[in-house]
Amino acid sequence: MKVAINGGAFALHTQIDGVEGAPWLILSNGLGTDLTVWEPQVAQWAARFRILRYDTRGHGLSEGPPGPYAPDDLVRDVVGLMDHYGIARATLMGLSLGGATCVGVALHEPKRVSALICCDARVDSPPPYVQAWAERIALVEKAGTTAIVNGSMERWVTAPTRAARPDLVQRLRAMLENTSDQGYMACAAALQHLAYFDRLHAITCPTLFVVGSLDTASPPEVMAAMAAQVAGAQLVQVPEAAHISNLENVAAFNATVDEFMVSLQSDESQVVSA
C-alpha cells in the first residue's frame, strides 16, 4: 500500500503483516536496501506482532522528493506512517540508516516508542565518515549505484559468506542496483549530518543495540559507545556477521532480538501483576 506523506508531496510503499490487534513493530531498512531485507524477521515475529515495513523514501517502491535529505526528514516519514495507521506506540527496529532513523524517532517522539532496537548503525558523522559518503555520492552521480555495488558487498557481508552464499549476495546486489540513484544520493547525504550521539542520554525506553561482530561500517566499538550513553541499554554482537547482520546470521540475530522482546514482555507482566 502506498501512503501519502508530507501533505501528499510523495508516497511511501508499505507492507503490513502479522496479527491484527497485536503490539506494533515497525521495521526500517538501510541505505540501498528495501523492505524485503526484513523477511527472516517477519517470518519469526508475525505471529506475535502487527508488523509495519516500509521502503525508505527513494528506495524500493517508495517515491522521494528531490534531495538532499536530512536525518529529521526520515524521522518525520516514520511519524507520518504512524499517524496514518493510527499507531499510538510501537517497538522500532532499524538497521544502518534505518537504525539512525529509529533513534531519531525515539528522541523526537519518546512517548510513541515503547522499545528501540538499533542495528549496525551510527548516529554521528565525524569528518572521515562525511568524506567517505561524499566519495560514494560522487561515484553514484557519475555512474549510478552499480559503481558502488562491489565495495558495498565487501562491507555488507563477510568474505566467507560471499563465497558460500552467492544467492544472498545476488539478492543484496539486486536491492542496491534497483535503488534509484537520486534516492541513494539523497539518503546518503542524510548520513553526512547525523548529530544524535550527544542526545542519546535522553532515550528512556528499553533499548537494544545489535551489531555484527565483523561490521566495519558501524564497528562494535562505535555501537558500544552509543550503548554507554543510554541508561540500561544492552549491546549484543552477532557472531560471524558484518553490516547486514540480520541476513548474514539470521539465527543469532533473531535469537538476540527475541531474548530482548521476551524480557520486555516479562517486565510488563510483572508490572501488571504488581
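Just above sits the structure.
What you see is a predicted model, and the numbers here were worked out from it, not measured in a lab.

About the cut-offs
Residues numbered from 1 in each chain as written. Predicted model: local features only at pLDDT ≥ 70, side-chain atom pairs only at ≥ 80, totals over all residues. Heavy atoms only, no water. Helix = DSSP H or I, 4+ residues; strand = E, 2+ residues; numbered from the N terminus. Rg over C-alpha atoms; globule rule 2.2 N^0.38 Å. Buried < 20%, exposed > 50% of the residue type's maximum accessible area, 1.4 Å probe, protein only. Areas by Shrake-Rupley, 256 points an atom, 1.4 Å probe, with all protein chains shown as cover. Lys, Arg positive; Asp, Glu negative; His and termini not counted. Charge placed at Lys NZ, Arg CZ, Asp CG, Glu CD. Core = buried A, V, L, I, M, F, W, Y, C linked by side-chain atoms within 4.5 Å. Contact = heavy atoms within 4.5 Å. Expected span 1.5 Å × (residues − 1). Pairing = 2+ DSSP bridges. Axes fitted to C-alpha atoms, helices over the stretch in contact; angles between N-to-C directions.

Novice: Report on the overall build of the protein chain, specifying residues and quantitative values.
Specialist: Per the secondary structure count, the protein chain includes 11 helices and 8 strands. On C-alpha atoms alone, the protein chain measures out to a radius of gyration of 17 Å, which is about the 19 Å that the 2.2 N^0.38 rule sets for 274 residues. Judged by the C-alpha coordinates and their principal axes, the protein chain covers about 60 × 45 × 35 Å. Counting the 274 residues in the protein chain, one finds 54% classified as buried. About 11,400 Å² of surface is accessible on the protein chain, with carbon and sulfur atoms providing 53% of the total. Taking the 18 positively charged and 28 negatively charged side chains of the protein chain as two groups, their mean positions are separated by 2 Å.

Novice: Give me the lowdown on the nonpolar core, citing residues and values where you can.
Specialist: Ranked by size, the top nonpolar core spans 90 residues in total, and within it Met93, Val103, Ile117, Leu172, Ile203 and Val257 carry the most contacts. Residues contacting Leu172, with those up to four places away along its chain left out, are Met153, Trp156, Val157, Ile244 and Leu247.

Novice: So what's going on with helix 3 (residues 97–108)? Residues and values would help.
Specialist: Each turn of an α-helix holds 3.6 residues, which means side chains three or four residues apart point in the same direction. With 12 residues, helix 3 ought to run about 16 Å at 1.5 Å a step, and its terminal C-alpha atoms sit 17 Å apart, in line with that. Counted residue by residue, helix 3 has 11 buried out of 12 residues, so it is predominantly covered. Taken together, the buried positions of helix 3 are Leu97, Gly98, Gly99, Ala100, Thr101, Cys102, Val103, Gly104, Val105, Ala106 and Leu107. Where helix 3 is buried, its residues meet strand 3 (24–28), strand 4 (50–54), helix 2 (71–85), strand 5 (90–95), strand 6 (113–119) and helix 8 (181–191).

Novice: Describe the sheet that holds strand 6, and please don't skip the residues or the numbers.
Specialist: Here we have 8 strands laid out as an open sheet, ordered 1-2-4-3-5-6-7-8, and mixed in their pairing. Either end of the sheet is taken by a strand with one partner, and the two such strands are strand 1 (2–5) and strand 8 (234–238). Averaged over all pairs of adjacent strands, the angle between their axes in this sheet comes to 25 degrees, without regard to strand direction. Two strands pair when backbone bridges link them, and strand 1 and strand 2 (residues 10–18) are joined in this way by 4 bridges, in the antiparallel orientation. The residue bridging Ile5 from the neighbouring strand is Phe10, located in strand 2.

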